Amino acid sequence: MDFFNQTGKLAIGSRLRMLTDKITVDAAAIYKMFGVDLKPKWFPVFFVLSRGEAKTITSIAREIGHSHPSVSNIIKEMVAKGLVKESKDKSDGRRNVVMLSAKGKKMSDSFAEQCVDVTTAIEEITRQTRNDLWKAIEEWEELLSDKSLLQRVKEAKMVRENQDIRIVPYEPCYQPAFRALNEEWITAYFRMEKADYKALDHPQEYILDKGGTILVALYKNEPVGVCALCKMDHPLYDYELTKLAVSPAVQGKGIGVLLCEAVVNKAKELGGKRIFIESNTRLKPAIHIYHKLGFKELSEYHTTYERGDIQMELIIEE
């Protein structure tokens, strides 16, 4: 079919639906041919009950992999057709169980003959194909159970987008972005402080000339994220990770993690042993990144910023 040749595997859902629709139409005609007054969607429930045991709706749903509401609706339709009857569970009067009615049991005899002929026809199709569809479906179900199609697409999206991300050293041309990106998140939650203005307006003087570094994240060659590593004059800490900012337009692409990883690696190159962070617990994405990289919260706070309510450290391993 030309449409599927053009779309390729993108249309797998549409193609499977078309195949399902074709089989469902034939299934309805097959039921009619055998005198089985059954809708195709009832088949899983009818098959389970045809083995004779009374079951709860919950147990049926679990066995056939359907939702409880879906099975409940099918049971209601089958009860209305007189194929199923409900009764109280003898071992637990609070629960209802369902089983085939006399009409349903009679229909199951014809259904058994139908199953033999349908199985024969399907096996014939299988012999005429190069690939075993039944086994392939089972493999797909197992793989999607381990990791959904949605998650796989998310991962592919991130890999593709990461190809457009570069972490580069700071240059004077990035100063406006360094200031704007940080001012955006600071003013969204707090207010700019004196230390902010010094670092953001004069990064060369207050960060770089003092032995620090600034890294810039480019996405499609546009500066969208920044992070600084400031040299500290402290008995314990060599550097402070600070001024992490990522444009809201590109958040969710892992840029914050890439920036922080690059800054930590830079600290290692410079011989740093301990990195300090001061932040605020309202900044949940940033705090999550710090924890992910191994930063631990400190019990004592000596805040530099009014907004600071959490301080963390990372001990760099040799």
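Remember, it's a predicted structure, so these values are computed and weren't measured experimentally.

Regarding its fold elements, the protein presents 13 helices and 9 strands. In summary, the protein has a C-alpha radius of gyration of 32 Å against a globular reference of 20 Å for 318 residues, an excess of more than 25%. Along the three orthogonal principal directions, the C-alpha set of the protein runs to about 90 × 55 × 40 Å. Buried residues in the protein amount to 36% of all 318 residues. Sequence-distant contacts in the protein: of pairs separated by 6 or more residues, those separated by 24 or more amount to 56%. Carbon together with sulfur atoms contributes 54% to the accessible area of the protein, which is approximately 20300 Å² in total. Charge centroids of the protein, computed over 47 positive and 46 negative side chains, lie 6 Å from each other.

Tallied over the entire structure, the rule returns 7 aromatic pairs. Aromatic side chains Phe43 and Phe111 sit 5.8 Å apart centroid to centroid with 50° between the ring planes, which places their arrangement in the tilted category. With Phe43 in helix H3 (residues 43-49) and Phe111 in helix H6 (residues 102-127), the pair connects residues that are 68 residues apart, well separated along the chain. Phe43 gets classed as partly exposed once you look at its relative accessible area, which sits at 34%. Under the relative-accessibility criterion, Phe111 is labelled buried at 3%. Here the aromatic rings of Tyr170 and Phe178 are separated by 6.2 Å at their centres, their planes lie at 70°, and the arrangement is edge-to-face. Take Tyr170: its relative accessible area is 14%, and that puts it in the buried class. Note on Phe178: relative accessible area 0%, which makes it buried.

Moving on to a nonpolar patch on the surface. A cluster of nonpolar residues, Ile12, Leu16, Trp140, Leu144, Leu149 and Val153, forms a patch on the protein surface that exposes about 550 Å² of accessible area. Positionally, Leu149 belongs in helix H8 (residues 149-162).

Looking now at the side chain of Lys253. Along the chain, Lys253 falls in the loop between strand E6 (239-246) and helix H12 (255-269). For Lys253, the side chain forms a polar contact with the side chain of Glu161, separated by 2.7 Å.

With that out of the way, let us pick up the sheet that holds strand E9 (residues 310-315). Strand order in the open sheet formed by 7 strands is E3-E4-E5-E6-E7-E9-E8, with mixed pairing between adjacent strands. At either margin of the open sheet sits one strand with a lone partner, and together these are strand E3 (165-169) and strand E8 (296-297). Across 5 bridges, E3 lies against strand E4 (residues 213-219) in antiparallel orientation. Opposite Arg166, over in E4, you have Leu218 as the bridge partner. Taken strand by strand, H12 contacts E3, E4, strand E5 (222-231), E6, strand E7 (274-279) and E9, and its axis lies near 160° from that of E6.

The next point concerns the domain arrangement of the protein. According to the domain assignment, the protein contains domain 1 (1-146) and domain 2 (158-315). The distance between the C-alpha centroids of domain 1 and domain 2 comes to 56 Å.

Cut-offs and rules
Residues numbered from 1 in each chain as written. Predicted model: local features only at pLDDT ≥ 70, side-chain atom pairs only at ≥ 80, totals over all residues. Heavy atoms only, no water. Helix = DSSP H or I, 4+ residues; strand = E, 2+ residues; numbered from the N terminus. Rg over C-alpha atoms; globule rule 2.2 N^0.38 Å. Buried < 20%, exposed > 50% of the residue type's maximum accessible area, 1.4 Å probe, protein only. Contact = heavy atoms within 4.5 Å. Areas by Shrake-Rupley, 256 points an atom, 1.4 Å probe, with all protein chains shown as cover. Lys, Arg positive; Asp, Glu negative; His and termini not counted. Charge placed at Lys NZ, Arg CZ, Asp CG, Glu CD. Phe/Tyr/Trp six-rings, centres within 6.5 Å; stacked < 30°, edge-to-face > 60°. Patch = residues over 30% accessible without salt bridge, like charges linked within 9 Å, V, L, I, M, F, W, Y side chains within 5 Å. Salt bridge = Lys/Arg side-chain N within 4 Å of Asp/Glu carboxyl O. Polar contact = N/O pair within 3.5 Å; in protein donor to acceptor, adjacent residues only side chain to side chain. Pairing = 2+ DSSP bridges. Axes fitted to C-alpha atoms, helices over the stretch in contact; angles between N-to-C directions. Domains from an automatic or database assignment.

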